[in-house]
There are 2 protein chains.
Amino acid sequence: MRNSIKKTSQITEQRSQGRNLVFSHIRNNFQVARIDIANATGMSPATVTSITAELIAAGLIEEVQREVEPGQSKRGRPRVDLKLRGESHIVAGMKLTGRSISAVVLDLEGKQLGKAKVPMPRPPIDRTALCKLIPQVVETVSASAGVKPEDLSAVGIGLPGTIQATEGFVDWCPLFQEQEFNLKQLMEEIMPMPVFVENDANAVAIAELWFGFGRDVPDFLVVTIEQGVGLGIVLDGEIFRGTQGFGAEFGHTKVQSEGALCRCGQRGCLEAYVADYALLREANLFKHWEEGTSEEDRLVQLFAAAKEGDRMAKSIFDRASRMFSMGLANLVNLFDPAMVILSGEQMQFDYLYAQQVFDMVRSSTILKGHHEPEIRIHKWGDMMWAKGAAAFALEEVVRISLDQLGSAETSA
Amino acid sequence: MRNSIKKTSQITEQRSQGRNLVFSHIRNNFQVARIDIANATGMSPATVTSITAELIAAGLIEEVQREVEPGQSKRGRPRVDLKLRGESHIVAGMKLTGRSISAVVLDLEGKQLGKAKVPMPRPPIDRTALCKLIPQVVETVSASAGVKPEDLSAVGIGLPGTIQATEGFVDWCPLFQEQEFNLKQLMEEIMPMPVFVENDANAVAIAELWFGFGRDVPDFLVVTIEQGVGLGIVLDGEIFRGTQGFGAEFGHTKVQSEGALCRCGQRGCLEAYVADYALLREANLFKHWEEGTSEEDRLVQLFAAAKEGDRMAKSIFDRASRMFSMGLANLVNLFDPAMVILSGEQMQFDYLYAQQVFDMVRSSTILKGHHEPEIRIHKWGDMMWAKGAAAFALEEVVRISLDQLGSAETSA
DNA sequence: CATTTAAATTTGAAGTCCAAATTAAATGGT
DNA sequence: ACCATTTAATTTGGACTTCAAATTTAAATG
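Residues numbered from 1 in each chain as written. Chains lettered and ligands numbered in written order. Predicted model: local features only at pLDDT ≥ 70, side-chain atom pairs only at ≥ 80, totals over all residues. Heavy atoms only, no water.

A short note on the overall build of chain A
Defined as follows: Under the DSSP-based scheme used, a helix requires at least four consecutive residues in state H or I and a strand at least two consecutive residues in state E, with every element numbered from the N terminus. Taken over C-alpha atoms, the radius of gyration is set against a globule rule of 2.2 Å times the number of residues to the power 0.38. Type-normalised accessible area, obtained with a 1.4 Å probe on protein chains alone, sets the label of each residue: buried when under 20%, exposed when over 50%, and partly exposed for intermediate values. Any two residues whose heavy atoms approach within 4.5 Å at even a single point are treated as in contact. Within this scheme the basic residues Lys and Arg register as positive and the acidic residues Asp and Glu register as negative, but His and the chain ends are omitted. In plain terms, the charge of a residue is placed at NZ if it is Lys, CZ if Arg, CG if Asp and CD if Glu.
Across its full length, chain A holds 12 helices and 16 strands. Expected size for 412 residues packed as a compact globule is a radius of gyration near 22 Å; at 23 Å, chain A falls within 12% of this value. Structurally, chain A occupies a C-alpha span of about 75 × 55 × 45 Å along its principal axes. With 412 residues in all, chain A has 56% of them scored as buried. Taking all contacts inside chain A whose residues are at least 6 apart in sequence as the whole, residues at least 24 apart take part in 63%. The centroid of the 43 positive side-chain charges in chain A is displaced by 4 Å from the centroid of its 53 negative side-chain charges.

Focus: the relation of the copies chain B and chain A
Rules: Superposition of the copies used a least-squares fit over C-alpha atoms from residues whose pLDDT is at least 70 in both.
You can overlay chain B on chain A at an RMSD of 0.1 Å; the transform is a turn of 180° with a shift of 0.0 Å along its axis. What the superposition gives is, in effect, a two-fold axis relating one chain to the other. Residue by residue, 98% of the interface of chain B is reproduced at the interface of chain A, so both copies engage with the same surface.

Some thoughts on the domain arrangement of chain A
Residue and element names in this part refer to chain A. Test applied: Domains are outlined according to an automatic or database domain assignment. By buried area we mean how much accessible surface two parts lose on assembly, using a 1.4 Å probe and totalling the loss over both.
Split into domains, chain A comes out as domain 1 (13-84), domain 2 (89-205 + 386-399) and domain 3 (249-337 + 346-379). Across the boundary between the two partners, domain 1 contributes 4 residues, which contact 4 residues of domain 2. For the pair domain 1 and domain 2, the summed buried surface comes to about 420 Å²; carbon and sulfur atoms form 73% of the total. Looking at the side of domain 1 facing domain 2, the largest losses of area belong to Phe23, Leu60 and Leu84, adding up to 78% of the total buried there.

A closer look at the interface of chain B and chain A
Spelled out, the test is: The term salt bridge refers to a side-chain nitrogen of Lys or Arg lying within 4 Å of a carboxyl oxygen of Asp or Glu. Nitrogen and oxygen atoms within 3.5 Å of one another constitute a polar contact, given that in protein one can donate a hydrogen and the other can accept it, and given that sequence-neighbouring residues count only through two side-chain atoms. Under the convention adopted here, Pro, Cys and the residues Ala, Val, Leu, Ile, Met, Phe, Trp and Tyr are nonpolar, Asp, Glu, Lys and Arg are charged, and Gly plus all remaining residues are polar.
Taken residue by residue, the interface counts 46 residues in chain B and 45 residues in chain A. Contact between chain B and chain A buries roughly 3,800 Å² in total, counting both sides, with carbon and sulfur atoms accounting for 57%. One can count 0 salt bridges joining chain B with chain A. If you look at where chain B meets chain A, you find 26 residue pairs in polar contact (both at pLDDT 80 or more). With 8 residues, helix α10 (residues 311-335) of chain B is the single largest residue contributor to the side of chain B that touches chain A. Class assignment of the residues belonging to the side of chain B that touches chain A gives a composition of 16 nonpolar, 21 polar and 9 charged.

Here's the deal with unusual backbone geometry
With an omega of 0°, the peptide bond running from Pro123 of chain A to Pro124 of chain A counts as cis. Among the secondary structure elements, Pro124 of chain A is positioned in the loop between β6 (112-119) and α4 (127-145). Unusually for a residue other than glycine, Phe30 of chain B sits at a positive phi of about 65°. Residue placement: Phe30 of chain B occurs in the loop between α1 (13-29) and β1 (32-33). In this structure, Glu258 of chain B takes a positive phi of about 55° despite not being glycine. Structurally, Glu258 of chain B is set in the loop between β14 (238-239) and α7 (271-274).

Notes on the protein's contact with DNA strand C
The condition that has to hold: We call a residue near a given molecule or strand whenever any one of its heavy atoms falls within 4 Å of it.
Of all residues adjacent to DNA strand C, which total 28 residues, the nearest are Gly76 and Arg79 of chain A together with Arg15, Thr47 and Arg75 of chain B. Near the protein, meaning within 4 Å, the atoms of DNA strand C are sugar or phosphate in a fraction of 77%, with bases accounting for the rest. Here a phosphate oxygen of DNA strand C and a side-chain polar atom of Arg34 of chain A are 3.1 Å apart. Interatomic distance of 3.4 Å between a backbone N/O atom of Gly76 of chain B and a base nitrogen of DNA strand C. Listed by contribution, the elements that provide at least two residues to the surface near DNA strand C are α2 (34-41) and α3 (45-57) of chain A together with α1 and α3 (45-57) of chain B. The element best represented in the surface near DNA strand C is α3 of chain A, accounting for 3 residues.

Brief notes about the nonpolar core
Here is the rule: Grouping buried Ala, Val, Leu, Ile, Met, Phe, Trp, Tyr and Cys residues that are joined through side-chain atoms within 4.5 Å yields what is termed a nonpolar core.
Residues Val223 and Phe324 of chain A together with Val223 and Phe324 of chain B are the most contacted members of the largest nonpolar core, which totals 100 residues. By size, the runner-up hydrophobic cluster in this structure holds 50 residues, among which are Ile26, Phe211, Trp380 and Met384 of chain A.

Digging into helix α9 (residues 295-307) of chain B
Residues and elements named next belong to chain B. The test is simple: Take the number of residues in a helix, subtract one, and multiply by 1.5 Å to get its expected span. The directions considered for the arc are those from the helix axis to the C-beta atoms.
End to end, α9 covers 18 Å across 13 residues, agreeing with the expected 18 Å (1.5 Å per residue, within 8%). Those residues of α9 not exposed but buried are Leu299, Leu302, Phe303, Ala305 and Ala306. Looking down the long axis of α9, one finds its buried residues gathered within 155° of arc, a one-sided arrangement. Those residues of α9 that are buried lie in contact with α8 (276-283) and α10. Looking one or two residues past α9, Gly309 carries a phi angle of roughly 100°, positive in sign.

Brief notes about the sheet that holds strand β1 (residues 32-33) of chain A
The pairing of strands in a sheet comes from backbone hydrogen bonds and takes either a parallel or an antiparallel form. All names here are of chain A. As a reminder, the rule being used: In this description, strands pair whenever DSSP reports at least two bridges between them. Geometry is summarised by axes, namely lines fitted to C-alpha atoms with helices restricted to the contacting stretch, and by angles between N-to-C directions that run from 0 to 180 degrees.
The antiparallel open sheet is built from 3 strands, whose spatial order is β1-β3-β2. Bordering the open sheet on either side are β1 and β2 (61-65), each of which pairs with just one other strand. With 5 bridges joining them, β2 and strand β3 (residues 80-84) adopt antiparallel strand pairing. Its bridge partner lying in β3, Ile61 is registered against Leu84. Against the sheet, α3 makes contact with β2 and β3, and its axis sits at roughly 105° relative to β2, the strand it touches most.

A look at the pattern of salt bridges
Scanning all chains against the criterion turns up 44 salt bridges over all chains. Measuring nitrogen to oxygen at the nearest pair gives 3.2 Å for the salt bridge that ties Lys184 of chain B to Glu188 of chain B. Here Lys184 of chain B and its partner Glu188 of chain B are both found in helix α5 (residues 183-190), 4 residues apart, which amounts to about one turn of the helix. Connected through shared salt-bridge partners, Arg15, Arg19 and Glu54 of chain A make up one network.

Remarks on the sheet that holds β1 of chain B
Pairing in this open sheet of 3 strands is antiparallel, and the strands run β1-β3-β2 (chain B) from one edge to the other. This sheet does not close on itself; its edge strands, each paired only once, are β1 and β2 (61-65) of chain B.

Thoughts on the packing of aromatic side chains
Note the following rule: Stacked, tilted and edge-to-face pairs are distinguished by plane angle, under 30 degrees for stacked and over 60 for edge-to-face with tilted covering the rest, among Phe, Tyr and Trp rings (Trp via its six-membered ring) whose centres lie within 6.5 Å. We call a charge positioned above a ring when the Lys NZ or Arg CZ atom is no farther than 6 Å from the ring centre and deviates by at most 35 degrees from the ring normal.
Scanning all chains against the criterion turns up 19 aromatic pairs over all chains. Consider the rings of Trp210 of chain A and Phe211 of chain A, whose centres lie 5.8 Å apart with planes at 65°: the pair is edge-to-face. In this structure Trp210 of chain A comes out as buried when scored by relative accessible area, which is 1%. Classification of Phe211 of chain A as buried rests on a relative accessible area of 19%. An angle of 80° between the planes, with centres 5.3 Å apart, marks the rings of Phe303 of chain B and Phe317 of chain B as edge-to-face. With Phe303 of chain B in helix α9 and Phe317 of chain B in helix α10, the pair connects residues that are 14 residues apart, well separated along the chain. Phe317 of chain B matches Phe303 of chain B in its accessibility class, with the two residues each being buried. Pairwise contacts between aromatic rings join Phe240 and Phe335 of chain A together with Phe240 and Phe335 of chain B into one cluster. The ring of Trp210 of chain A has Arg27 of chain A sitting right over it, with the charged end atom 4.3 Å from the ring centre. Just above the ring of Phe213 of chain A sits the side chain of Arg376 of chain A; from NZ or CZ to the centre is 3.7 Å.

Here you go:
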């Protein structure tokens, strides 16, 4: 009945690519029959049968009966759809910011099984604190999902800063006291499951690829704006991290020679014009805040003022959106992406997601055979960042699963 | 004695990759023994034997006796080196500018067999003129190399502008009257050999990869400065043209919001600060040229003035180099390249290749795990651009040869 | 209920890679 | 001179893969 799985040990690169291709095709299409996979990927039906049998045996995918509207059914053997098997892996993902840690539990299909948000101690925090805090968050969010931490296939952590994701190494993170240490290793010593660490914007890009607008498109850019400016570059279905692993520093591309001072110490960085601190820095020149107003509230007030026509406030946002357009146009000129996704949780400050910005980008990019990039806005809701981290964890878990597939086979 | 070549017809992707890997390893190392190829690529010696036998049978490579200094010789069967077989393909490459067409004939090993330089009619020129001009240049340069045009395996053409290299389609080129036409097709109708068309900066990047500083490095950026600013991005040994084929528009990345007017119609483009026309545009404000002074001579005078301390002239170059640094820093921040090559023919105006520029780039890039990009200057001499076009032609010819390898076999 | 249609699987052939065995071609020691 | 030793290259044989073609499976149709 089923293709007998051989106890192989020697997997070829070719087979590995095939598995990845089939898996991601199923993921991107929710449900799809083997014959469609064959047609879409160019593989022969025989090969698709063989690979899907492996994936089913590994528990990563499962067959589902296709829904057929009455009267729509055709002759011939009916197609049997395949879909990801959600239960096969559940992971937690969390995002660290200076204010809080948000976390979710997702299954392989992207279903959110639980979430949590806990306050973050004021940065910079040290390793000891991290070692208490992160396991605690894992506990909490697992509980909210009704699972035990041991049931998690992995934990993903999203961070601002420069991260070597393959190593789990933190080169620099604004939240931490110490720098240059292996966070993955540290966490795996005190927790039972694999831990994966990634830059927060890259993690969101992976979430777009797995569960967002990137499902249909293999190449796109994801830009995130929050306290800083983040960029994730997806080329051919994979995160591009620069040729040495430290690229995509969009927030620190220069938009002004000898420009505004950035917290990185350089001048003229995009971040120094559009990040929260950059806006407030200028607002402080003319705005008087009530004692104890939070940064977030100040921003809200500033934005409200601009909307009401306050010229000083408006000028701040105008400049920010001009600079943002410029940075975005440079990305478009260099990467010629088919799609740019502006991803955010709430995007309450919509000056950066306005028609005006898109128009500026369009007028600042070279005509490209008449195809302009599609700029899409993706409002994820409050758990975007945590979902990104979880998506990264899923990707790593699946990557490892697929690679190990033939080496030690469980009976079906 | 020799591995018998099967008359196959069904070549796998895997084999094709293997061939490419072996071929480029031989090319990058001039001469190398099979065992070294196996060690360097991770392939088994058996596979290397098999692939190199194919390449030898196809005439692309050949065995050479290794030079052994007396006394240096070791025990064991001596290694037999392999190298590219120059005679197997000779190609012509030409570069079109508004002033002239320069052309070379190269063999597969990169040896220059001939060269020519002919005047270009004043742009814009039309298709009819092209159809006369280009075959004429091919004739001339072939003659200079002592070969007939029919002996050329291909002709490569390098152009400024936006080109779809895979199609040979010119989307936009400042030299031509008509736009959006298939130059490759047009030329192949009137000439007997395959024609390949590529953006000039990309072509130079391929020349760096095949015969220049890129031999040892699979990922690097090539920046060219001439009348405009060009960029070639090499990722993993291949030109990155953007996800839709129109990326790498470095000259039109923005370095100033609402900045100087560029000939592309936009404002603030890098080109509008560093290209020849941009420098002269400002110089015209205070410099009085003799009647009939050529653009090139004006530039020489301007540069001399700056060197002598003329404040106005100096200010022009200062700004240009500041803007150039900024653009370069943005590339470094986005791509994190291990190497940036500044390629030029003469580089007489060395303000853009100065320590000052490198320092600015360094201070405008995010710390990257302590590894900064190596910035190298490559002074090619007068045929750089034409060699680039020829290198592109070689790459295409070899790509096609390797792909077709098993499908129709000639007897050894 | 036989026929038709279409999906999925099985079969068999051809291609590929690699470990291991074999062959080739030198040096070194006696 | 001759044989052991060393190293490179090739050949052999086994394990995998992919795919075309044949076969099986599972429906709709008349």
